[in-house]
Amino acid sequence: HFDPPGPPRVHGTCAHVRAHARAQGVHRMAKRKQGVVVRAAGGGASAAAKAAALLAPPTPADGAEGEEPAPSAEAPAAGAASSGPARKKKRRSKPDGSAAAVQDAAPASPASPTPASASIAPAEAAAGAAAPDSAAAAGAACGDSLEWLCWPLGSEKFLAEHWERKPLHLKRQRPAYYGEVFSKAALDKHLAEGTPLGYEDRLNISRFDEKTGKKVVLNPGPRGTKVCPKDVNSAWAAGASLQVMHPQQFHEPVWRLLTNLERSFGSLFGANAYITPGGRQGFAPHFDDVEVFMLQVEGAKRWRLYEPPAGEEFPLPREYSRDFEQAELGEPVLDVLLEAGDMLYLPRGFIHQGIAAEDAGFSHHLTVSTYMKTAWCQLMERALSSAVEKAAAESEEFREGLPVGFLRYMGSWHDKTDVAEHGGSASVGAPSSGSTSAGIAAPRAAFIRRFQGLLKRLQEFVDLDEVCDEMGVEFMHERLPPAPASAAPGGGSAASAVEGVTLDARVRWIDASAQRAMLSTDPETSEPTVLLFHSRDNERDGHMSGAALADAEAEVGCLRFEAAIFLPALRALLALPAGASLRCGDLPLQDADDRVALCQNFLEAGLLELTPSEPEAPAAAV
């Protein structure tokens, strides 16, 4: 669901966003975009003096989530996974295969996932929150896409008990739950209307060969060839499956869904649609390297889930799997029928195999997925790489040369522990050329102590906020642009809205999640600066495509402000809850013109919008 390669580093400059050298690149990036340097109307001579007090972060407000109805959970017993050929040997922790029917089961350890199927009966649903019948109603009723996705289980329970731990089957018995998010009829309409769809870019035609156990691609042309509706219809009539990639790029309801999910999770989301004739299997058994939510939109499909064979990295693998043969799979840990309105969640690593129900005509499910390369190990890789660079730049100790002749006593040949593990004796592998074991023990021990000491010191140079800033900028660079509002609050053009800004005007964020603030330093003046990255001008038609992710020179929206003047006002704006508004004249800026100018800049960038003024309180009766 995520095309390779992985996320780039924007302009190669954001790995050290707080470091002076790296900040120069960030500011150059800001200048070549629609970046705006906002300065006060009156000179900022005291900017440096104010910086220390202004840069202290505020204390975040506490939040609470409401309680959700508790569904019953059915956990089928898991069979032992069979052994088979593996692509490469990996360390694997064996999950606990035993399970029993439980009510409100305690969360499993991440290292020991236990598959479970939560089936929600209509009576149970009625006892809890009101059930939305469409995606639009769900957004209004739940107020959060994650709540809607997990209804009626509830997001808190889902994250505590299932996220990255065990599969979840939500059986809602509400066929219209997903509304018109996507459908085969919608695909047929896009084809008939000439929506630009290319093979391998946005659509694949394939079938599963039961004899070979492999997927056979049936695209009539190479990558990028324009899809011909006649070819698609003929292949479909002959029993082929259709895979629609990245429908968010051309179908607005999927765009809105993924925009909301990216807002809820704070991470990229991809989407693919799979349309399979009844009784057919579309793909060979495999597992994914992302967290997968299967939304059954039309028809029905039977899914069998398996633990991977021994030798695969599991749970939570870092890479997408090969196709598995049926003989490699043991007994399924979960066997469910996914019907319209249902949802099946798969943590990365669980092998899945689906066959469209014969009596349903065809099956259509929309897969939305997230959390590709968003693990602690990837964060640590970034952080340690940055720390080594900083340590080398700031400490002579890290730049000193290795001891002369260190190769004479370092390496596996000189490691007695390693020799013992291979069944040898202490004398096996001892150094030759007249050296004695005692002769290398001291320098070897000193070498190891020195390395461990440097490794401990390396923690001093780790800046987690810097690394997370880098990830945040990448997220802003690659996420979907905000979906358009159904209607502008005040009507009129953006230019007229900017001209209409007064001190009494009220403003609010169009999408509070579409921007991310970052503290930096101006490389030219050395003054504290606020960089505000945003996704307002991102290209929707390249979202999650390999070409878009590989374009490290692509521009990302960025506005730049003098921290000493504008930081309090920016904090006030960024602290606004979603949908809340603020009077322009109430911004904490000394100069009234600065208050208006700040709001105008955000309106011009498409980040703020005007809201109707609050009605004045009625005068007291005399």
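Notes on the structure follow. (Residues numbered from 1 in each chain as written. Predicted model: local features only at pLDDT ≥ 70, side-chain atom pairs only at ≥ 80, totals over all residues. Heavy atoms only, no water.)

**Brief notes about the overall build of the protein**
No. 1: Per the secondary structure count, the protein includes 18 helices and 21 strands.
No. 2: Evaluated residue by residue, the protein yields a buried proportion of 47% over its 622 residues.
No. 3: Taking all contacts inside the protein whose residues are at least 6 apart in sequence as the whole, residues at least 24 apart take part in 83%.
No. 4: Accessible area of the protein: about 29,300 Å², with a carbon and sulfur share of 54%. (Helix = DSSP H or I, 4+ residues; strand = E, 2+ residues; numbered from the N terminus. Buried < 20%, exposed > 50% of the residue type's maximum accessible area, 1.4 Å probe, protein only. Contact = heavy atoms within 4.5 Å. Areas by Shrake-Rupley, 256 points an atom, 1.4 Å probe, with all protein chains shown as cover.)

**Details of the packing of helix H10 (residues 376-394) against helix H14 (residues 464-478)**
No. 1: Two elements in contact, H10 and H14, have axes whose closest approach is 9 Å; the angle formed by their N-to-C orientations is 125°. Overall, the two elements H10 and H14 adopt an arrangement that is oblique. H10 and H14 meet at a crossing whose hand is right-handed. Taken together, the residues of H14 that come into contact with H10 (itself represented by Leu-379, Arg-382, Ala-383, Ser-386 and Lys-390) are Leu-464, Glu-466, Val-467, Cys-468, Glu-470, Met-471 and Glu-474.
No. 2: In terms of residue class, the contact of H10 with H14 is built from 6 nonpolar, 1 polar and 5 charged. (Axes fitted to C-alpha atoms, helices over the stretch in contact; angles between N-to-C directions. Parallel < 35°, antiparallel > 145°, perpendicular 65-115°, else oblique. Left-handed = near helix turned anticlockwise from the far one by under 90°. Nonpolar A, V, L, I, M, F, W, Y, C, P; charged D, E, K, R; others polar.)

**Thoughts on the sheet that holds strand S11 (residues 300-306)**
No. 1: Here 3 strands make up an open sheet; going across it, the order is S12-S11-S14 and the pairing antiparallel. If you trace the sheet from one side to the other, it starts and ends with strand S12 (334-339) and strand S14 (351-356), each paired once. When the angles between neighbouring strand axes are averaged without regard to direction, this sheet yields 20°.
No. 2: Sheet analysis places S11 next to S14, joined by 6 bridges and oriented antiparallel. By the bridge assignment, Arg-304 is partnered in S14 with Gln-353. (Pairing = 2+ DSSP bridges.)

**Details of the side chain of Glu-609**
No. 1: Here Glu-609 lies in strand S21 (residues 608-611).
No. 2: For Glu-609, the side chain forms a polar contact with the side chain of Arg-508, separated by 2.8 Å. (Polar contact = N/O pair within 3.5 Å; in protein donor to acceptor, adjacent residues only side chain to side chain.)

**Observations concerning the state of the cysteines**
No. 1: Inspection of every chain in the model, using the stated rule, returns 0 disulfides.
No. 2: Note on Cys-599: no disulfide assigned, nearest cysteine sulfur contributed by Cys-584 at a separation of 3.4 Å. (Disulfide = S-S within 2.5 Å.)

**A look at the sheet that holds strand S20 (residues 582-583)**
No. 1: Sheet architecture is open: 3 strands sit in the order S20-S16-S21, paired in antiparallel fashion. Looking at the sheet topology across the chains shown, the edges are occupied by S20 and S21.
No. 2: Bridge analysis of strand S16 (residues 506-509) against S21 gives 4 bridges, and the strand direction is antiparallel. Residue Val-507 lies in a different strand from S21, and its bridge partner there is Leu-610.

**Concerning the environment of Lys-171**
No. 1: Secondary-structure assignment places Lys-171 in the loop between strand S5 (168-170) and helix H7 (184-193).
No. 2: For the pair Lys-171 and Gly-341, spaced 170 residues apart in sequence, the C-alpha to C-alpha distance is 7.6 Å.
No. 3: There is a polar contact of 2.6 Å between the side chain of Lys-171 and the side chain of Glu-339.

**Remarks on the environment of Lys-373**
No. 1: Tracing the backbone through its elements, the reader meets Lys-373 in the loop between strand S15 (362-370) and H10.
No. 2: A residue is classified by how much of its surface remains accessible, and Lys-373, at 35% relative accessible area, is partly exposed.
No. 3: For the pair Lys-373 and Glu-319, spaced 54 residues apart in the sequence, the C-alpha separation amounts to 9.0 Å.

**Focus on the packing of helix H17 (residues 563-574) against helix H18 (residues 592-604)**
No. 1: Two numbers describe how H17 lies on H18: the axes approach to 12 Å, and their chain directions differ by 55°. On the basis of their axis angle, the class for H17 and H18 is oblique. Handedness of the H17/H18 crossing: right-handed. Of H18, the residues touching H17 (which contributes Ile-565, Phe-566, Ala-569, Leu-570 and Leu-573) are Asp-594, Leu-598 and Phe-602.
No. 2: When its residues are assigned to classes, the contact of H17 with H18 shows 7 nonpolar, no polar and 1 charged.

**Re H17**
No. 1: With 12 residues, H17 ought to run about 16 Å at 1.5 Å a step, yet its terminal C-alpha atoms sit only 14 Å apart, falling short of that.
No. 2: Buried within H17 are the following residues: Ala-563, Ala-564, Ile-565, Phe-566, Leu-567, Ala-569, Leu-570 and Leu-573. (Expected span 1.5 Å × (residues − 1).)

**Things to note about the pairing of strand S17 (residues 515-521)**
No. 1: Here S17 runs beside strand S18 (residues 528-534); their pairing, made up of 7 bridges, is antiparallel. Bridge pairing in S18 places Gln-515 opposite His-534.
No. 2: Hairpin geometry of S17 and S18 is characterised by an intervening segment of 6 residues between the two adjacent antiparallel strands and by a positive phi of about 65° at Ser-526.

**Quick word on H7**
No. 1: Where H7 is concerned, the buried positions are Lys-184, Ala-186, Leu-187, His-190 and Leu-191. Along the axis of H7, the buried residues cluster in a sector spanning 160°; they form a single face. Along H7, the residues that are exposed and aim more than 90 degrees away from the buried face are Ala-185, Lys-189, Ala-192 and Glu-193.
No. 2: In the core, the buried residues of H7 are packed alongside strand S6 (203-209), helix H8 (229-237), strand S8 (241-245), strand S9 (269-277), strand S10 (291-298) and S15.
No. 3: Just beyond H7, the residue with positive phi is Gly-194, at close to 80°. (Arc of directions from axis to C-beta.)

**Observations regarding the nonpolar core**
No. 1: The biggest cluster of nonpolar side chains holds 48 residues, and the ones touching the most others in it are Phe-158, Leu-187, Leu-257, Phe-293, Leu-366 and Val-368.
No. 2: Examining the composition of this core, we find that 6 residues originate from one element, helix H9 (residues 252-265), more than from any other.
No. 3: If we skip the residues at most four places from it in the chain, Phe-158 touches Leu-146, Cys-150, Leu-153, Trp-163, Leu-168, Phe-293 and Tyr-345.
No. 4: Of all hydrophobic cores here, the second largest spans 29 residues; its members include Leu-559, Phe-561, Cys-584 and Leu-608. (Core = buried A, V, L, I, M, F, W, Y, C linked by side-chain atoms within 4.5 Å.)

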